[in-house]
Amino acid sequence: MPADWLSPADWQAVRLSLKVAFWAVLCSLPLGILTAHALARWRFPGRGLLNMLVHLPLILPPVVTGYLLLLTFGRQGAVGAWLEQVGIVLAFRWTGAALAAAIMAFPLMVRAIRLSIEAVDPRLEQAAATLGARPAWVFVTVTLPLILPGILAGAVLAFAKAIGEFGATITFVSNIPGQTQTLPSAIYTRLQVPGAEAQAGRLVLVAIALSVGALVLSEWLSRAAARRVAP
Amino acid sequence: MSLSVRIDHTWPGFALSVDVTAPPGVTALFGTSGAGKTTLIRAIAGLLRPDRGRIAVDGRVLFDSDRGVNLPPHRRRVGYVFQDARLFPHLSVRQNLLYGRWFAGPGGGPTLAQITDLLGIAPLLERHPAALSGGEAQRVALGRALLARPGILLLDEPLAALDQPRKAEILPYLRALRDATDLPILHVSHDPQEIRALATTVLRLEGGRVIAQGPPDAVLPLPLDAGVTLRATPRDGPGPGQWVDTAAGVLHVATRATGPLQLRIAADQVMVATAPPAGLLGATVLPARVVEQADGLLRLAVGTTHLLARAPQDPALCPPPGCAVHAVLLRDPTVLDATGRATGSPSQTD
């Protein structure tokens, strides 16, 4: 494959998408594990509400999510204004794209991890408790190792979703080449320009390859998780 | 070391109310399913919070509703061996064994080598739980509980999921464990044979209450089929019942028949007297000799056959094998029909 198969601008978009997805997944993973554990194992008031909130980005029009992000995390927004004081600007930056991608991918991540936690026999956790392990240690020494493949599966799925996120991203951080123009935004832009269909087509192939690869990997990890918890 | 438990716990359709102490050694919790055995040991382990009461091991209070004490399971130092071994599938046998030791911290208690020797699991150390047989897994679970340095051991039907050969394989290890430690061991079981093999004391639970407490032979019910079946030939004589000839001697039955009969003499109907009894109206007394004692029963040689009788509750009162005694039949034997079932009530006549 020749190096100029993708233009420098296209490469930039692919690289940016990978970077955005990587950080989106990495930063949201701890919260994702915590949320999944809470939904799978804890009984607390507001559990239903939390479950709904987590799943909301899956159902809301992405443009609405993006607009809500802009209202909250924009420079004038309640959280955004405060963050700007400590030197963090999200709106119209790649970091904002990562936030949008993280929120849109969160339901998929939590779902996969939650399923793997629910597959862990709680009686194993009881046994660990009777052997002297406090709840945090039970989680670290029993639950976590058993759900590790499930966590990886959730992370890979979320990564794929984050690469493909478009609606919320373009609403929140716009479509600035080299700064916030991710893979889907780049494809969208190419399609608006006459004569760039071939360029867009190549990006589409990249997107398909990344998505299928992630899906296959996630499936494989999920199966590994199932094998692990069912001796 | 000892355990004292006094708890009340109610939920819809069931109430548990017990007040018991268990000395070092094996105390069996015996009862049908739903009697409250597992509820009781879950409460001791802290996996269930009783409504009221107090639980203490060796003076250490684990739970006291009056004083608001309720230690979480990980601070109770209770070794719990579950019916399903519950080994951690992602850890090797060695890591499983040492899991609790890590939390118990350094100092005292049996070593890994002592435990693996005691339970015969040294060759399994590098294996994973998935590669163990049911009996091996249960021995590893036992070792894991012991290495956590518990103050008491709770065995929740650890043999129930195993077949007879596997049970026979583990029982010697449990006996060795009982003799090697001064831990109180609570052993939940509904298998009288298993209890006789292990326990010094039996608590019999029924409907959430302790209905009997004592040595196994005194507390355990006799096997349902304890008793003997004899062939009988009727003699002529006045009714309503009649005398019959049997291998055990001449007996009286309440029914009348012309042909041969099958009689059933349950162990519960036979009492043993060491001196010739006098003045027992309606009872038949036969000369007998003690053959052996097992499972709460005495086997007696009577006539040219054997009869079974319930052994005395105090083992010291039990006549030794070979001792001449008198078998007292408290009731007339039950007459069986051709299919081996008892015929109508004994007062009926044909």
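Residues numbered from 1 in each chain as written. Chains lettered and ligands numbered in written order. Predicted model: local features only at pLDDT ≥ 70, side-chain atom pairs only at ≥ 80, totals over all residues. Heavy atoms only, no water.

## Structural notes on the interface of chain B and chain A
Quick reminder of the rule: Contacts are residue-level and defined by heavy atoms, with any inter-residue pair within 4.5 Å sufficient. What gets called buried area is simply the loss in accessible area from a 1.4 Å probe that two parts show on being joined, summed for both. By definition here, a salt bridge exists when the distance from a side-chain nitrogen of Lys or Arg to a carboxyl oxygen of Asp or Glu is within 4 Å. Any pair of N or O atoms that falls within 3.5 Å is considered a polar contact. Within protein, one atom must be able to donate a hydrogen and the other to accept it, and sequence-neighbouring residues count only if both atoms are side-chain atoms. Counting from the N terminus, the helices are DSSP H or I runs at least four residues long and the strands are E runs at least two residues long.
Across the contact, 21 residues belong to chain B and 20 residues belong to chain A. Both sides together, the interface formed by chain B and chain A hides about 1,900 Å², and carbon and sulfur atoms give 69% of it. If you look at where chain B meets chain A, you find one salt bridge. With a closest N to O distance of 3.1 Å, B:D84 and A:R123 form a salt bridge. Across the contact surface, chain B and chain A share six residue pairs in polar contact (both at pLDDT 80 or more). Elements with a minimum of two residues in the side of chain B that touches chain A: β7 (78-81), α2 (93-104) and α4 (134-147) of chain B.

## Details of the pairing of β7(B)
Residues and elements named next belong to chain B. How we decide: A 1.4 Å probe rolled over the protein chains alone gives each residue an accessible area, and that area as a share of the maximum for its type sets the label: buried under 20%, exposed over 50%, partly exposed in between. Two strands pair under a simple rule: DSSP has to find at least two bridges between them.
Burial along β7 is two-sided: V78 and Y80 facing one way and G79 and V81 facing the other are all buried. Strand direction decides the pairing type here: β7 and strand β8 (residues 152-156), joined by four bridges, are parallel. Paired with V81 across the bridge in β8 is L155.

## Details of the side chain of B:E136
Residues and elements named next belong to chain B. Secondary-structure assignment places E136 in helix α4. According to the relative accessible area criterion, E136 is buried, its value standing at 18%. When sequence neighbours within four positions are dropped, the list of residues in contact with E136 reads L124, R127, A131 and E169.

## A few points about helix α3 (residues 62-73) of chain A
Residues and elements named next belong to chain A. Short version of the rule: Take the residue count of a helix, subtract one, and multiply by 1.5 Å to get its expected span. Comment: arc refers to directions from the helix axis out to C-beta atoms.
With 12 residues, α3 extends 16 Å from end C-alpha to end C-alpha; this agrees with the ideal 16 Å at 1.5 Å per step. For α3, the complete set of buried residues consists of T65, G66 and L69. Projected down its long axis, α3 shows its buried positions confined to an angular sector of 100°, all on one face. Against α2 (47-59), α5 (94-118) and α8 (167-173) lie the buried residues of α3.

## Re the confidence of the model for chain A
This is how it is decided: The quantity called pLDDT is the predictor's confidence in a given residue, expressed from 0 to 100.
The predicted model of chain A averages 90 in pLDDT, with 97% of residues at 70 or higher. For chain A, the element scoring lowest by mean pLDDT is helix α10 (residues 197-229) of chain A, at 86; α5(A) scores highest, at 94.

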